[in-house]
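Below, each chain spelled out in residue letters.
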Amino acid sequence: MHRTPLVPRRVGTAAPPVRAAFVVLLLAVVVVAGARLVLATGGMQVMGMAEYSTLIPIVGAALLPLRLTLILGLTNLVVGIVAYGILLPSMSHASRITVITALAASILVSLAVCRTRIAMERRLKGLMVARDRLTLLSEASTRVGGTLDVARTAEELAEVAVRRFADHAAVDLFDPVLKGEEPAPGPHAGPVTLRRAARRSVPAALAAASPDGGTVTYCRGSMPALSLLRGVPVHGQFPDGADGEECWPADPDGTGTKAPHSALAVPLRARGVTLGAALFTRSRHRDPFDAADVLLAQEIAARAAVCVDNARRYTHERATSVALQRSLLPQVVPPQPAVQAVARYLPADVGVGVGGDWYDVIPLSGARVALVVGDVVGHGIRASAAMGRLRAAVRTLADIDLPPDELLTHLDDIVIRLQSETCPTPTGGAEDAAEADVGEFVATCLYMVYDPISRRCTAARAGHPPPAVVHPGTCARFLDVPAGPPLGVGGLPFETAEMHLPEGSLLALYTDGLVEAPRYCLDERLERLLEALSEPKPTLQDTCDHVLDRLVVDRTRDDIALVIARTQALDDRHTVAWELLDNLAEVARARDLASLQLAHWGLPEAAFLAELVVSELVTNAIRYGGSPVQLRLIRHDTLICEVSDGAHTAPHLRRARTFDEGGRGLFIVAQLAERWGTRQQSDGKTIWAELALPPATVPTPAPALATL
């Protein structure tokens, strides 16, 4: 501890108590003299008067300080000597000695009584002060650190200090601490700039007049700067008329205490790191800070610093978790020919931690799109990591064009496999057994596929809330998608629902955090969701914001993921299909059909690559697949060539040797196309290739040509 060499303020004189004491003495003398004269005149016995005289200093000892008690006793002795030795000459010599001795003895008794009383008062005052300090320390331990928010923890420290300890309290923290980062290592020689995180004053209106958050600078050599530099509390007093600007920082907005009577600066240190400083001041109507107050403030600040550091660490971990989760989610929803989609993700509040909610919009072959929403049960980094693994698995399974029910079946197997991999081995220790439930996780998922050409939508869900749909000109309703078991349960099948969606239909996919809230019935929340979706809005972003405004009442429980998509349709201006015979002579006809259609669409530059791709795909379909064979062209931002046949055998890309006569078809397609692949159907398979269109402006396509 260090005390700054400031000039101590002189405490006011004790003139009023001295005047009151003299008045008391004067009244006592008048009363004693008058009482004795009255008693002497009335003929009362002298020894009776002496007995009453000895009580006067003893009674005064119970009320007056030691010095005034002594003065009262001596005055009583002088009055007794005058009264019994001079005013009563008839009194015997022995009686005079007895009375004077009794009066002198009463002085000694009164002094002993007064000293005992003062000692008991001091002891009682010390006990009361100790009790108040213990109460303050207990209150600080209970109230400070009730949340994992850095700013709120600083406010709690200021509120506790102002109640019983100081007239003004401020908590200043380094900027990195408020952001969850570790501050720069010391020493902080000054000038030092910190952020005013909290401030409270008496009266409380002073603190409410100016908000926190401004910067404050500690000048070199000031009390707060010295406390940060030395790592110990620094306290002192300011002389009368001093502004204290060089030794004490002013409030960021210029209001508040600039020249306190007594000030105390305590560094906030936790785990060897200085986080900031706590500043306390007292006005002139209170006693200045003493050594005991410094120890108390140091203890409170030490406990508060640990709470602030815990909140800082939690803020850092939560920011890391949120950054991890957001990096695993799509940053933007790319434009799709099938739907216009927007998405929102709201993490849970700081007290819960991030969860495992995710969403995705996956482009599929044939201009189709997959809409996915899922939720991993639990919170924290483990849930975010599990969410990332499941999202990657869904994308991988979606690339091979699995139907929704088969995709969820494979995803369920993946979750079960991950559970077995993360569970501890039977030979693990007690620590592994205690964390056995941490590795297990259960997830829910909703997977939908929409085809803009047929306008058909297929969906399956695994323990997830049903999607909502709004057809043009109608109210919202929930789609009747069979509810399968959550992922990770295993043993139960998933079912697929198929429905027709008119162009312009609105689809809403969400996680349970949107519709589940405490003190609310689930049916009422679902009904409110339908009402919010039924209200038309100009854009999809406005619809998303409107739904969240209507339903989000408590973000402290669970994450929220919301995807809203409006379906689009590709008519005969964008797609055309031809049925081909099971004859290799149809290859030339397929090339001609593709070339004429591209010319009709105003894409003659893409005809050469399209003819090569169509020729190879149709040749493979006729030679290795069999009827029925169909060629389909889809034009949007790219050109998609699809050839379907009746075989279920998937082709494989291979490298033909130098003298091989075949085996180069798919290799040529892979070199010319942006993407290519195959998908299985109930009546065969489809091989598709996606070609990039030239960047030149293309007129609006006309309807497709008739078959040749």
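All values reported here derive from a predicted model rather than from experimental measurement.

(A) Broad picture of the side chain of Asp309. When you line up the elements, Asp309 lands in helix α9 (residues 291–328). Under the relative-accessibility criterion, Asp309 is labelled buried at 2%. Polar contacts involving the side chain of Asp309 include one to the side chain of Arg271, which spans 2.3 Å.

(B) Broad picture of the packing of helix α17 (residues 586–600) against helix α18 (residues 607–625). Across the interface, α17 lies against α18 with an axial gap of 9 Å and an inter-helix angle of 150°. Where α17 crosses over α18, the two elements pack in a sense that is right-handed. Residue-level contacts link Glu586, Val587, Ala590, Arg591, Ala594, Ser595 and Leu598 of α17 to Ala607, Ala610, Glu611, Val614, Ser615, Val618, Thr619 and Ile622 of α18. For the contact of α17 with α18, a count of residues per class yields nine nonpolar, three polar and three charged.

(C) View of the sheet that holds strand β14 (residues 477–478). Taken in spatial order, the five strands of this open sheet run β8-β18-β17-β13-β14, and their pairing is antiparallel. Strands at the two margins of the open sheet, each flanked by one partner only, are β8 (339–346) and β14. Here strand β13 (residues 468–470) pairs with strand β17 (residues 506–510) via three bridges, running antiparallel. When the sheet's bridge partners are listed, Val470 is paired in β17 with Leu506.

(D) Focus on the environment of Gly677. Positionally, Gly677 belongs in strand β22 (residues 675–681). Assessed through its relative accessible area of 12%, Gly677 is described here as buried. In this view, Gly677 contacts Thr686, Ile687 and Trp688; residues no more than four positions away in its chain are not counted.

(E) Here's a closer look at the sheet that holds β22. Pairing in this open sheet of five strands is antiparallel, and the strands run β19-β20-β21-β23-β22 from one edge to the other. Across the chains shown, the open sheet's two edge strands, defined by having one partner strand only, are β19 (575–580) and β22. Strand after strand, the sheet turns through a mean of 15° between neighbouring axes, direction not considered. This element, α18, spans β19, β20 (629–635), β21 (638–645) and β23 (684–692) of the sheet and lies at about 15° to β21.

(F) Highlighting the nonpolar core. Formed by 56 residues in total, the largest nonpolar core has its most connected members in Trp358, Leu371, Val376, Leu408, Leu411, Tyr447 and Met448. It is helix α10 (residues 381–399) that contributes the most residues to this core, eight residues altogether. With sequence-adjacent residues up to four places away left out, Val376 is seen in contact with Gly356, Trp358, Ala383, Ala386, Met387, Leu390, Phe441, Val442 and Ala443. Counting 55 residues, the second largest nonpolar core, distinct from the first, contains Ala166, Val171, Tyr218 and Ala278.

What counts, and at which threshold
- Residues numbered from 1 in each chain as written.
- Predicted model: local features only at pLDDT ≥ 70, side-chain atom pairs only at ≥ 80, totals over all residues.
- Heavy atoms only, no water.
- Helix = DSSP H or I, 4+ residues; strand = E, 2+ residues; numbered from the N terminus.
- Buried < 20%, exposed > 50% of the residue type's maximum accessible area, 1.4 Å probe, protein only.
- Polar contact = N/O pair within 3.5 Å; in protein donor to acceptor, adjacent residues only side chain to side chain.
- Axes fitted to C-alpha atoms, helices over the stretch in contact; angles between N-to-C directions.
- Left-handed = near helix turned anticlockwise from the far one by under 90°.
- Contact = heavy atoms within 4.5 Å.
- Nonpolar A, V, L, I, M, F, W, Y, C, P; charged D, E, K, R; others polar.
- Pairing = 2+ DSSP bridges.
- Core = buried A, V, L, I, M, F, W, Y, C linked by side-chain atoms within 4.5 Å.

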